[in-house]
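# A look at the structure
So the chains spell out like this:
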Amino acid sequence: MHCSVPYSRGFRLLTAIGLGGLLLSGCTTTTPTPYQVLGGNSHSAEVESAYKSALEDLDQSRALEEGRRRNVVGEVMDLTPDEAKRFWPVYTAYRSEMSALGQRMTRLVADYAARFGKLQDQDASAMTREYMDIDQKALDVKKKYLPKFDAVLNPKQVARFFQTDQKLDAGIKFGMAKGIPLME
């Protein structure tokens, strides 16, 4: 299927439909120039401006949504005060690592949006590999934290946490699938 979203609207489309609100990953970043997925290629002023605008919009949404994500987890987990005392430090460390990956994904999405309709084959290849690397590293972080959550929660609570986390991540992926135009 061919997507006919004009280049000039590509990056605005991502935030207009709420993709930024679905990135749910935390900390903001102030990277002023396009992400280096593409190996440090020179960037036109138009691409740099579009990238910066998309990144700012996505970062604002991510910062707001991290608090919402924490609230959802808190409600779903329904922890006793003692359980909460053990859980939240592990959760905070986990989200810190996942947030770093969220920042990478945000930069990748902003770069794609800024270059929409103008990517070369090598750019598409670099972006595909970066996306897969981020996905793999997210799975690695989840595996790393499984025993840490096991140490502070009972098995059903651990399962409930990862179910919730997976559902929130599925919302992110749905938003990306819905909001990011297919490569031309």
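## Quick look at the pattern of salt bridges
Following the criterion strictly, the structure yields 9 salt bridges and no others. When the shortest N-O distance is used, the salt bridge between K137 and D133 registers 3.3 Å. On the criterion of helical spacing, the pair formed by K137 and D133 is a turn pair, its members being 4 residues apart in helix α5 (residues 121-152). K137 sits in the partly exposed class, given a relative accessible area of 35%. Given the relative accessible area of 28%, D133 is considered partly exposed. A salt bridge links K142 to D169; the shortest N-O distance between them is 2.8 Å. Taken together, the residues span a long stretch of sequence, with K142 in helix α5 and D169 in helix α6 (residues 155-179) at a distance of 27 residues. Each of R69, K142, D165 and D169 takes part in one network of salt bridges that share partners.

## Some words on the nonpolar core
Grouped together as the largest cluster of nonpolar side chains are 30 residues, with contacts concentrated most on V73, F87, Y94, F149, L153 and F161. Secondary-structure elements contributing two or more residues to this core are α3 (45-77), α4 (81-114), α5 and α6. It is α4 that contributes the most residues to this core, 12 residues altogether.

## Quick word on the packing of α4 against α5
The interhelical angle for the contact between α4 and α5, taken along N-to-C directions, is 175 degrees, at an axis separation of 10 Å. Comparing the axis directions of α4 and α5 gives the class roughly antiparallel. A breakdown of the residues in the contact of α4 with α5 according to their chemical character gives 18 nonpolar, no polar and 10 charged.

The rules we used
- Residues numbered from 1 in each chain as written.
- Predicted model: local features only at pLDDT ≥ 70, side-chain atom pairs only at ≥ 80, totals over all residues.
- Heavy atoms only, no water.
- Salt bridge = Lys/Arg side-chain N within 4 Å of Asp/Glu carboxyl O.
- Helix = DSSP H or I, 4+ residues; strand = E, 2+ residues; numbered from the N terminus.
- Buried < 20%, exposed > 50% of the residue type's maximum accessible area, 1.4 Å probe, protein only.
- Core = buried A, V, L, I, M, F, W, Y, C linked by side-chain atoms within 4.5 Å.
- Axes fitted to C-alpha atoms, helices over the stretch in contact; angles between N-to-C directions.
- Parallel < 35°, antiparallel > 145°, perpendicular 65-115°, else oblique.
- Nonpolar A, V, L, I, M, F, W, Y, C, P; charged D, E, K, R; others polar.

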